[in-house]
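# Residue-level structure breakdown
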Amino acid sequence: MNKGKTIPVKLVAVLSFIAILAGLYLYLTFVDGPKYASKSSLAVKELAAPKGGTFIEVIEKDKPDINKEFPLGIKEATIQDAIHAMSHQKVKAKDKWGFLPLTQDRVKRLLEVVKDGEDTYKHEDTYLTILESWNNQEFSSVDKHHNVIWNLQSGTIGRATGILSAAEEKAYIEKHYDIRK
């Protein structure tokens, strides 16, 4: 048997396998990736933060069933994905994949889920710190919160480099959703 003929066949097989995986990754990331809601209608308000400054409050007109969106006992990866996607409306980053409106309903529900699953989640304390901060409309560390979750997810692209201004945040939300005035 001539070994010279089997090497190209193996190489083609390996390259084909890599191409299939790359295609699947691109499809899942950009076509069927981390989307939590279709383009929907939101109301956006700029409100005074309890400790000074302002924050953007997002109110969904067509509210999802939050208990179905985040049932008790969800996987840790789902909690990370939700926190990560919600942080995108508030942080500066070169690349962002996934957008989930950061609403008080979602924050409160995720707090319930994490507290209910006490000692279930490896990074429970991290989630509680982030969600309790957001529940108190405290977003001065949202870029750090994003990066903590991003690191837990082994992120390599899209590290947060700062916090969006209220105007930048509104523009980001308007880009992804229809805003009702």
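## A word on the pairing of strand β1 (residues 41–48)
- Bridging between β1 and strand β2 (residues 54–60) involves seven bridges; their strand directions are antiparallel. Across the sheet, Leu42 pairs through a bridge with Glu60, a residue of β2.
- Between β1 and β2, which follow one another and run antiparallel, lie five residues, and Gly52 among them has a positive phi close to 100 degrees.

## A look at the nonpolar core
- Membership of the largest hydrophobic core comes to 28 residues, with the highest contact counts inside it found for Phe70, Ile79, Ile83, Tyr127, Leu131 and Trp134.
- Elements supplying a minimum of two residues to this core: α3 (76–87), α4 (104–116), α5 (124–135) and α6 (142–152).
- Apart from residues no more than four positions distant in its own chain, Ile83 is found in contact with Tyr127, Ile130, Leu131, Trp134 and Ile149.
- One finds Ile56, Leu164, Ala166 and Ile173 within the second-largest nonpolar core, a separate group that totals nine residues.

## Points about the packing of aromatic side chains
- Inspection of the entire model under this criterion finds three aromatic pairs.
- Where Phe55 meets Phe139, the ring centres are 6.0 Å apart and the plane angle is 40 degrees; that geometry is what we call tilted. Taken together, the residues span a long stretch of sequence, with Phe55 in strand β2 and Phe139 in the loop between α5 and α6 at a distance of 84 residues. The pair formed by Phe55 and Phe139 is uniform in burial state, with each residue classed as buried.
- Ring centres of Trp134 and Phe139 lie 6.3 Å apart, and the angle between their planes is 40 degrees; this geometry places the pair in the tilted category.
- On the basis of relative accessibility, which here comes to 10%, the residue Phe139 falls in the buried class.
- An aromatic cluster is built from Phe55, Trp134 and Phe139, whose rings are joined through pairwise contacts.

## Brief notes about the pattern of salt bridges
- Applying the stated criterion across every chain, the model contains six salt bridges.
- A salt bridge links Arg106 to Glu69; its shortest N-O distance comes to 3.0 Å. A residue pair is termed long-range when its members are at least 10 positions apart, and Arg106 in helix α4 and Glu69 in helix α2 (residues 66–69) qualify at 37 residues.
- Across the salt bridge formed by Glu169 and Lys90, the nearest N and O atoms sit 2.8 Å from each other. Residue Glu169 is located in helix α7 (residues 166–176), and its partner Lys90 is located in the loop between α3 and β3 (91–93); the two are separated by 79 residues in the primary sequence.
- Lys90 gets classed as buried once you look at its relative accessible area, which sits at 3%.

## Examining the packing of α3 against α4
- Two elements in contact, α3 and α4, have axes separated by 12 Å at closest approach and are oriented at 155 degrees. As the angle between them shows, α3 and α4 are arranged roughly antiparallel. Two packed elements cross with a definite hand, and for α3 against α4 that hand is left-handed. Counted together, Ile79, Ala82 and Met86 of α3 and Arg106, Leu110, Val113 and Val114 of α4 form the full contact between these two elements.
- Looking at the contact of α3 with α4 residue by residue, the classes come out as six nonpolar, no polar and one charged.

The rules we used
- Residues numbered from 1 in each chain as written.
- Predicted model: local features only at pLDDT ≥ 70, side-chain atom pairs only at ≥ 80, totals over all residues.
- Heavy atoms only, no water.
- Pairing = 2+ DSSP bridges.
- Helix = DSSP H or I, 4+ residues; strand = E, 2+ residues; numbered from the N terminus.
- Core = buried A, V, L, I, M, F, W, Y, C linked by side-chain atoms within 4.5 Å.
- Buried < 20%, exposed > 50% of the residue type's maximum accessible area, 1.4 Å probe, protein only.
- Contact = heavy atoms within 4.5 Å.
- Phe/Tyr/Trp six-rings, centres within 6.5 Å; stacked < 30°, edge-to-face > 60°.
- Salt bridge = Lys/Arg side-chain N within 4 Å of Asp/Glu carboxyl O.
- Axes fitted to C-alpha atoms, helices over the stretch in contact; angles between N-to-C directions.
- Parallel < 35°, antiparallel > 145°, perpendicular 65-115°, else oblique.
- Left-handed = near helix turned anticlockwise from the far one by under 90°.
- Nonpolar A, V, L, I, M, F, W, Y, C, P; charged D, E, K, R; others polar.

Everything listed here is a matter of geometry and, on its own, says nothing about what the molecule does.
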